[in-house]
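# Reading the structure
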Amino acid sequence: MMGLINGNEGTELRVRFRYLLVAVLVAMTVLGVRLWYLQIIKGEEFRERSESNSLRFRKLRAFRGLIMDARRQVLADNHPAFDLVYVPNRVVDIRKVVDKLEELYEKRGLKIDRDLLPSGKTRPFIPVCIERNIGPEKIAVVEAHALDLPGFVVEVNPVRRYVEGEVMAHLIGYTGEISQEELAQEDMEDFTAGDTVGKAGIEKYLDGYIGGRTGIEQVEVNVVGRVVKSLGRIDPVAGHNVQLTIRADLQKTAWDALGGRAGAVVAMDPRDGSILAMVSSPSFDPNMFNKGISRNDWKNLSRNPLCPLENRAVSGLYPPGSTYKVVVAAAALGEGIIDGETRFFCNGSLTLGDHSYRCWQRHGHGWCRLHRAVVESCDVFFYNLGKLLDVDRLAWYAKQFGLGSTTGIDLPREKPGLIPTKAWKQARLKQNWRMGDSIPVSIGQGYNLVTPLQLAVAYSALANGGVVWRPRIIDRIESLEGKVIKTFPPEKRGVLPLDASQLGLIRRALWGVVNESGGTGRAASKPDGEVAGKTGTSQVVSMPRDGVRVKTLARREDHALFVCFAPYRAPEITVAVIVEHGGHGGSAAAPVAKKVIDAFMGDKKVAREASRER
Amino acid sequence: MRRYGLPLANIDWTFLVLVLLISAIGVLNIYSTGFSVAGGKTSTLYVKQIQSFLIGFIAMILTFSFDYRRICTYAYVIYCLSVALLVIVSLYGYTTHGSQRWIIVAGFSFQPSELMKLSLILALARYFNDHRSVWPYSTKEIIPPALLVAVPFFLILRQPDLGTALILFIVFVSAVLFVGVRWLDLLTAAVGFLIMLPVGWFFLKDYQKERVLTFFNPDRDPFGSGYHIIQSMIAVGSGGLLGKGFLKGTQTQLKFLPEQHTDFIFSAFAEEWGFLGSIFLLILFTLLILWILKIARHSRDYLGTLIAYGFASLIFWGVMINIGMVLGIVPVVGIPLPFFSYGGSAVVVLMMGVGILLNISAKRFILQS
């Protein structure tokens with residue numbers, strides 16, 4: 001052994017070096033074997049994992065179609081929003097993943113709403129939306145701390161924007177993430193969790209057209225989720241645009257006129273059934289749903305006893321009160337029980353058996369024919385009609401007006417209301433029909449229930465000479481380029497079973513309500529005498545009666561109703577108003593209708609003058 | 001006998017070539033880890049690494065030009081200087097990533113703990129060479145060198161730098177095993193060590209404890225230390241037989257590998273060069289270590305042997321622990337891969353060591369007078 005000093009040591013050391021040689025070789029072999037294991041034996045598996053680390057599928061959200069009013073003013077459109085999405089590598093609890101994010105947010109005074117987090121565990125490579133519609137401060141935090149938040153990505157997605165907010169909320173509806181129940185439904189195969197669907201109103205009704213089609217892209221991403229390369233893409237298809245029959249200006253006028261009180265306003269064109277305005281109050285801001293609504297907010301909305309989420313125009317059920325008198329009159333005329341000259345005496349009440357039914361006018365109206373009975377809304381006159389009419393025949397006439405069944409409007413969740421018949425009472429209450437039941441029915445109280453929309457349809461029939469139209473909100477559906485995809489032409493539903501003179505009788509009476517002295521609807525009169533209509537006061541029942549609960553709150557004031565049309569000679573607009581607990585129809589509801597008609601007429605005048613100037 | 005001057009005739013070219021080859025591959029690899037796939041700027045770390053090597057090369061020539069025995073007369077002085085630097089670091093050190101390891105002087109950042117490795121090897125070599133007659137050593141004799149280790153060990157542990165402290169300790173143990181200890185004493189030491197383990201555990205920082213626990217179950221903490229191990233194994237494994245190709249390692253290029261230019265540098269290499277490339281590099285390292293052992297064996301005196309052996313163990317354990325960690329068979333401790341990982345101070349110190357080794361090798365024929 002060269003270079004070493006003592007022979008003895010030399011041998012010792014030489015042995016040691018041999019050991020060392022062996023030790024080094026063994027150790028390196030261990031590493032080599034491990035490399036073999038990882039790269040050769042498990043190589044394929046790791047290669048797959050490395051690819052799934054970095055390859056993923058990204059949903060490309062489609063733009064929902066625009067919703068426009070009759071004059072093509074945009075009511076609902078889209079604007080880009082930033083969503084915080086998390087793509088996990090493995091199964092983890094979502095709540096834990098968010099802990100780090102929350103910590104970083106808190107340093108800047110930002111909060112994350114844990115309520116809105118999806119619950120449970122993630123599944124590998126399935127993106128989970130953590131927060132929708134985040135602002136620039138949160139984006140800054142996520143981007144700055146990208147390395148501490150592996151798997152978090154900020155995505156740009158279109159989000160709905162409702163221009164008019166609460167004014168149009170019930171009509172337009174709102175969107176939200178598809179729920180488990182909806183996914184389970186039959187024709188929902190194209191949808192997956194995380195897709196946006198319409199949940200109410202037009203958004204829901206026309207979701208198939210407006211929703212468009214989600215696209216998909218396969219991308220390569222780096223560790224912070226930033227897209228590095230696109231490997232293939234199916235473009236999203238934007239939804240179709242919808243043009244409604246609604247006029248935004250009239251809608252706003254109606255909303256302002258209602259002034260925040262609970263109730264509804266329906267304005268309709270009696271010539272073809274187009275709805276010009278449909279207001280329901282109280283309302284809500286549909287933009288609240290754009291971020292995903294918090295549990296608290298949802299609770300406040302859905303449990304609010306005033307039911308802001310309900311569209312009172314189509315689902316609010318009320319006793320029609322004196323507005324029903326036109327139906328009773330129509331029935332009496334149609335059956336030949338009375339004519340224009342028939343008189344009844346009102347001394348303030350009518351006695352039947354041992355019960356006395358009062359007229360609202362305590363002193364009575366004296367001798368009345370139909371015209372005056374309608375103008376001054378004499379109850380006793382109609383009690384007499386009620387006595388003479390068979391309730392089932394009355395019901396038949398009511399149905400001809402479109403009452404007691406759905407109108408067929410293109411909105412979800414419409415209610416049919418109730419027009420009582422003998423059979424109904426037998427089936428529902430297990431009792432026979434009594435004469436005492438016909439009396440309140442004849443003045444629109446009792447078991448009768450109608451929606452404001454039904455009133456508008458019924459009175460439109462009176463206005464236009466007897467045609468009962470299907471009310472329509474949707475005018476047409478267009479593609480992005482403006483090509484018409486589908487139209488929704490007006491539909492006749494029926495014709496009133498009255499001849500011209502009978503119709504004329506009623507119409508003149510309605511004119512009198514507004515324009516003659518003693519008329520209950522004077523509050524709606526205009527100097528040119530264009531408006532005709534009928535007031536109504538619907539009793540609020542404080543106790544359940546005979547097991548039938550009328551939808552009311554236990555308060556004292558009655559509901560105020562008013563239905564009218566204008567201009568009298570050739571009506572172009574019908575307006576039905578209900579102000580809950582407003583008191584008398586004439587004082588509370590009529591002024592609301594007048595404002596709408598003023599706006600409508602004023603706008604027409606401006607248009608006429610403009611075209612004259614040209 | 002000449003004391004200065006470069007004994008050029010006896011330069012161990014094979015050794016030098018091995019070192020340069022490994023270093024060159026390292027630079028190429030660092031280039032890859034800093035390469036920007038998305039078309040941005042490529043990181044200039046590889047340039048810094050080349051600069052470090054140039055400085056190291058000069059340092060190597062310097063240490064080569066001195067007789068190693070002369071250097072070792074100052075071994076204890078060098079040792080004290082290094083300890084002093086460590087103290088300075090703990091007082092004025094520059095902290096990053098939660099650890100205080102660097103001093104900045106005139107725009108250069110410098111890691112005293114790296115220098116400590118070299119100093120300790122020299123100091124231990126000096127001690128065991130001086131106390132040669134009392135061999136095999138009893139526990140009593142081991143205490144001074146143990147103290148030599150203990151001081152920097154705790155200073156470095158405080159930084160906190162578990163990896164470097166561990167390496168110092170392991171180098172010490174290797175040295176002790178090499179020089180020979182009585183069996184009984186070895187056993188006592190081993191038992192003492194095992195007793196110290198729970199105490200040591202207590203001193204570990206939380207994240208270091210986490211790392212040990214996660215080693216046994218990476219899925220325990222898939223976003224913390226478990227993440228590193230998992231990503232590393234994915235990168236290595238996905239390299240397959242032939243690798244994904246230079247600059248084409250998806251894990252590396254997409255930055256899924258954390259610390260890929262330092263601790264996990266081998267993962268990046270394995271992903272791009274596959275099994276064949278990894279085995280090739282492993283063979284290079286093996287050759288390097290065996291070559292240093294050869295220098296140790298052929299050294300003209302015991303001192304040379306000790307120094308060379310110390311280096312061999314430093315590099316051997318560095319390779320074993322780093323690659324073992326990358327492959328998931330060793331817990332994650334921050335130990336860089338010698339000549340390969342990015343790190344200026346490490347490179348310069350290693351090259352200084354190379355210079356000393358070249359000197360030992362060159363002087364092997366010269367008999368002591």
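Residues numbered from 1 in each chain as written. Chains lettered and ligands numbered in written order. Predicted model: local features only at pLDDT ≥ 70, side-chain atom pairs only at ≥ 80, totals over all residues. Heavy atoms only, no water.

Summing up its helical and strand segments, chain A has 20 helices and 23 strands in all. Accessible surface, chain A as shown: approximately 27,700 Å² in total, 51% of it carbon and sulfur. (Helix = DSSP H or I, 4+ residues; strand = E, 2+ residues; numbered from the N terminus. Areas by Shrake-Rupley, 256 points an atom, 1.4 Å probe, with all protein chains shown as cover.)

Right, let's talk about helix 15 (residues 391–400) of chain A for a bit. Since the α-helix packs 3.6 residues into each turn, any two residues three or four apart lie on the same face. Residue and element names in this part refer to chain A. For helix 15, the set of buried residues is V391, L394, A395, Y397 and A398. Each buried residue of helix 15 lies within a common arc of 160 degrees when the element is viewed along its axis, so the set occupies one face. Each element contacted by the buried residues of helix 15 is listed here: helix 12 (325–334), helix 16 (422–429) and helix 17 (435–442). Positive backbone phi, approximately 95 degrees, marks G402, located one or two places after helix 15. (Buried < 20%, exposed > 50% of the residue type's maximum accessible area, 1.4 Å probe, protein only. Arc of directions from axis to C-beta. Contact = heavy atoms within 4.5 Å.)

Residue and element names in this part refer to chain A. On the secondary structure map, Q243 appears in strand 10 (residues 241–244). For Q243, a relative accessible area of 7% corresponds to the buried category. Looking at Q243, its side chain comes within polar contact range of the main-chain oxygen of A70, at 3.3 Å. The residues touching Q243, leaving out its near neighbours within four places in the chain, are M68, D69, A70, R72, I474, D475, R476 and E478. (Polar contact = N/O pair within 3.5 Å; in protein donor to acceptor, adjacent residues only side chain to side chain.)

Residue and element names in this part refer to chain A. Pairing within the open sheet is antiparallel, and its five strands lie in the order 12-11-23-22-21. If you trace the sheet from one side to the other, it starts and ends with strand 12 (275–281) and strand 21 (532–538), each paired once. Along the sheet, successive strands turn relative to each other by an average axial angle of 5 degrees, direction set aside. With six bridges joining them, strand 11 (residues 263–268) and strand 23 (residues 573–579) adopt antiparallel strand pairing. What sits directly across from A264, in strand 23, is I578. (Pairing = 2+ DSSP bridges. Axes fitted to C-alpha atoms, helices over the stretch in contact; angles between N-to-C directions.)

Attention shifts here to the packing of helix 3 (residues 94–107) of chain A against helix 4 (residues 136–144) of chain A. Residues and elements named next belong to chain A. Where helix 3 meets helix 4, the axes come as close as 10 Å, and the angle between the chain directions of the two elements is 120 degrees. Considering the angle they form, helix 3 stands oblique to helix 4. Where helix 3 crosses over helix 4, the two elements pack in a sense that is right-handed. Of the residues in helix 4, those touching helix 3 at L101, L104 and Y105 are K138, V141 and V142. The residue makeup of the contact of helix 3 with helix 4, split by class, is five nonpolar, no polar and one charged. (Parallel < 35°, antiparallel > 145°, perpendicular 65-115°, else oblique. Left-handed = near helix turned anticlockwise from the far one by under 90°. Nonpolar A, V, L, I, M, F, W, Y, C, P; charged D, E, K, R; others polar.)

Turning our eyes to something else, we now look at the packing of aromatic side chains. The relation between two aromatic rings is expressed through the spacing of the ring centres and the mutual angle of the planes. Counted by the stated rule, this structure contains 26 aromatic pairs over all chains. Ring geometry for F269(B) versus F340(B): centroids 5.6 Å apart, planes at 85 degrees, classification edge-to-face. Residue F269(B) is located in helix 12 (residues 265–298), and its partner F340(B) is located in the loop between helix 13 (302–326) and helix 14 (344–362); the two are separated by 71 residues in the primary sequence. We note that F269(B), like F340(B), is buried. Among the aromatic side chains, those forming a connected cluster through ring pairs are Y31(B), Y46(B), F246(B), F266(B), F269(B), W273(B) and F340(B). Over the ring of W396(A) we find R393(A); its NZ or CZ atom is 4.8 Å from the centre of that ring. (Phe/Tyr/Trp six-rings, centres within 6.5 Å; stacked < 30°, edge-to-face > 60°. Lys NZ or Arg CZ within 6 Å of the ring centre and 35° of its normal.)

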